[in-house]
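Chains, contacts and geometry: an overview
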Amino acid sequence: MNKHGITALIAALAVFLLSFSFGGSACAKEKKETGKPACSIQEALQWARDRKGEYIDMDGAYGAQCVDLIYAYYERLGVGRRGGNGADYQYDEKLPKGWERLNADDGAFPMPGDVVVWAGGAYGISSSCGHVGIVHSVSKKGNFKVIEQNYGADRSVTINPHKAGEFTCLLRPNWSLTDAVRHELAKYGLVNEK
Ligand SMILES: [Ca+2]
């Protein structure tokens, strides 16, 4: 597939997942014990995309770090803030109940809404603290875009392309998927049709 085709697929999936209209804020915080996101995957992605250009400093330390965006994302999903540095997220410790950790070395394929983790030193991540972001969209070849903070020269939340397989692992929330979203994701082999 040529570059144009890949771009079109990225756009198609992103539009599909973001093209729903949402009525108010449905995210609550009372579902922490189940690890079940308190909002839909579309709402979560819309929330993340809307953070573009912001400087998020949830912990009041070291300014806007990559992990501050993930602190905020976890709270948006109603599973509580995990804490730690980006690289800490590659381990199962404190993984919300029911979430999956999928390793790139095992051929994991990104899915919009996943937390994507880079260990320190992985794929140009120079900091020993590693890096984390939120998968925005994915092509059928596995190239993906990430909503991330403190990446490159701009410390604010930006959306950037990444190459297939160039990450350490993915953390996948146990979304409650509608049949329509499940069908779309199944085209990418990300979920099974019911
Ligand atoms: Ca901070």
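Scope of this entry: the structure provided in the associated data block. (Residues numbered from 1 in each chain as written. Predicted model: local features only at pLDDT ≥ 70, side-chain atom pairs only at ≥ 80, totals over all residues.)

The next subject is the environment of Ser156. Looking at where Ser156 falls in the secondary structure, it is placed in strand β5 (residues 154-162). For Ser156, a count of 14 C-beta atoms within 10 Å translates into the label partly exposed. Distance from Ser156 to Ala64, taken between C-alpha atoms, is 7.1 Å for residues 92 residues apart in sequence. Residues within four places of Ser156 in sequence aside, it is in contact with Gly53, Glu54, Tyr55, Ala64 and Gln149. (Helix = DSSP H or I, 4+ residues; strand = E, 2+ residues; numbered from the N terminus. Buried ≥ 20, exposed ≤ 12 C-beta atoms within 10 Å, placed from the backbone. Contact = placed C-beta atoms within 7 Å.)

Two residues of an α-helix separated by three or four positions point the same way, owing to the 3.6 residues in each turn. Taking 1.5 Å per residue as the helical rise, helix α3 (residues 66-77) with its twelve residues ought to reach 16 Å, and the 17 Å between its terminal C-alpha atoms agrees with that figure. Along α3, ten of the twelve residues are buried, which leaves the element largely enclosed by surrounding structure. Of all the positions in α3, only Cys66, Val67, Asp68, Leu69, Ile70, Tyr71, Ala72, Tyr73, Tyr74 and Leu77 are classed as buried. Lining the buried residues of α3 we find α2 (41-49), β2 (115-118), β3 (131-138), β4 (144-151) and β5. (Expected span 1.5 Å × (residues − 1).)

On to the environment of Gly120, then. By secondary structure assignment, the location of Gly120 is in the loop between β2 and β3. The class of Gly120 is partly exposed, set by 16 C-beta atoms lying within 10 Å. Residues Gly120 and Asp88 lie 32 residues apart in sequence; the distance between their C-alpha atoms is 9.8 Å. Not counting residues within four places of it along the chain, the set of residues in contact with Gly120 comprises Ala87, Ile125, Ser127, Ser128, Cys129 and Gly130.

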